[in-house]
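In case you want the letters, here they are:
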Amino acid sequence: MDKARTGCFGRRRQEPRGEKSSRRRGSQLDKLTISATVVVRAQAPAGSRHKGYEEIVVQDLSLSPQVTRYRRERWETPEGKTIIAALDPGIVGDMAPICIAWCLRSFLRASHLREVVALLNGMGVMISKRKSSAC
C-alpha cells in the first residue's frame, strides 16, 4: 500500500488524481504563544564575531495547584435562622470539579490510590487517601 495515500488506521483515502491532499503540512508554530524568551550565552574565544542566534521553540507543561478561598456570606434572619451563601454546585467538600475529574480519571486508568495521592501531593495538592477515595 502506498504510504502517501494511506489514511488513518491504514485505510486508503479516495483522492482523485491531480488534487492536493487536505492534510495540513508545515510549521505549527503560529498556533503557539511564546511566554518567555531565554538567551543562552556561549563561551566564545576572544576575537570571535557574533553571527546572530539559532532559535528553537521548546514546549513544556506546567501542572500547578490553584487554591481558592471562598468567603461565604453568613446572615442571621430576624427569626434567628442562619443563611450561608451556596458554593458552586461542582464543588464537593474542598475539591473543585477539575480536581475531582482528574482523580476519577486516574482511578479509572487502573492507578493505585497511593500513586494518585502521591502524584497530587507532589504537584502541591494536599489530599489524603481517605479524601481522594471519596471523590
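Calculation rules
Residues numbered from 1 in each chain as written. Predicted model: local features only at pLDDT ≥ 70, side-chain atom pairs only at ≥ 80, totals over all residues. Heavy atoms only, no water. Helix = DSSP H or I, 4+ residues; strand = E, 2+ residues; numbered from the N terminus. Buried < 20%, exposed > 50% of the residue type's maximum accessible area, 1.4 Å probe, protein only. Contact = heavy atoms within 4.5 Å. Areas by Shrake-Rupley, 256 points an atom, 1.4 Å probe, with all protein chains shown as cover. Expected span 1.5 Å × (residues − 1). Arc of directions from axis to C-beta. Core = buried A, V, L, I, M, F, W, Y, C linked by side-chain atoms within 4.5 Å. pLDDT = per-residue confidence, 0-100. Axes fitted to C-alpha atoms, helices over the stretch in contact; angles between N-to-C directions. Left-handed = near helix turned anticlockwise from the far one by under 90°. Nonpolar A, V, L, I, M, F, W, Y, C, P; charged D, E, K, R; others polar. Patch = residues over 30% accessible without salt bridge, like charges linked within 9 Å, V, L, I, M, F, W, Y side chains within 5 Å. Salt bridge = Lys/Arg side-chain N within 4 Å of Asp/Glu carboxyl O.

Helices and strands together make up the secondary structure of the protein chain, namely 3 helices and 2 strands. Overall, the protein chain shows an N-to-C arrangement of helices and strands of β-β-α-α-α. Considering the protein chain as a whole, with its 135 residues, one finds that 10% of them fall into the buried category. At a minimum sequence separation of 6, the contacts of the protein chain that also span at least 24 residues come to 21%. Counting only carbon and sulfur atoms, one obtains 53% of the accessible surface of the protein chain, whose full area is about 13200 Å².

Right, let's talk about helix α1 (residues 97-108) for a bit. Its 12 residues place the ends of α1 16 Å apart at the C-alpha level, agreeing with the 16 Å of an ideal helix rising 1.5 Å per residue. Within the span of α1, buried status applies to Cys99, Ile100, Cys103 and Ser106. When α1 is viewed along its axis, its buried side chains cluster within an angular range of 130 degrees and face the same direction. In α1, the exposed residues that point more than 90 degrees away from the buried face are Ile98, Arg105 and Leu108. On its buried face, α1 is in contact with α2 (113-123).

Listed in full, the buried residues belonging to α2 are Val116, Val117 and Leu120. Viewed end-on, α2 has its buried residues packed into an arc of 95 degrees, placing them on one side of the element. Of the exposed residues in α2, the ones pointing more than 90 degrees away from its buried face are Arg114 and Gly122. Backbone geometry just after α2 places Gly124 at a positive phi near 105 degrees.

Among the nonpolar cores identified, the biggest contains 8 residues, and these are Met95, Cys99, Ile100, Cys103, Val116, Leu120, Val125 and Ile127. Taken together, the elements giving at least two residues each to this core come down to α1 and α2. Per element, the largest residue contribution to this core is 3 residues, and it comes from α1. What Met95 contacts, discounting residues up to four positions off in sequence, is Gly90, Ile100, Cys103 and Ile127.

This paragraph deals with the confidence of the model for the protein chain. Overall, the prediction assigns the protein chain a mean pLDDT of 78, with 76% of residues at 70 or greater. At the low end of the mean pLDDT range in the protein chain sits helix α3 (residues 129-134), at 68; at the high end sits strand β1 (residues 74-76), at 94.

Describing two packed helices takes the angle between their axes plus the distance from one axis to the other. At their nearest, the axes of α1 and α2 sit 10 Å apart, and the two run at 145 degrees to each other. Our pair here, α1 against α2, has a crossing hand that is right-handed. Of the residues in α2, those touching α1 at Trp102, Cys103, Ser106 and Phe107 are Leu113, Val116, Leu119, Leu120 and Met123. Partitioning the contact of α1 with α2 into residue classes produces 8 nonpolar, 1 polar and no charged.

There is a patch of nonpolar side chains on the surface, built from Leu29, Leu32, Ile34 and Val57 and spanning about 340 Å² of accessible area. Topologically, Ile34 is positioned in the segment before β1.

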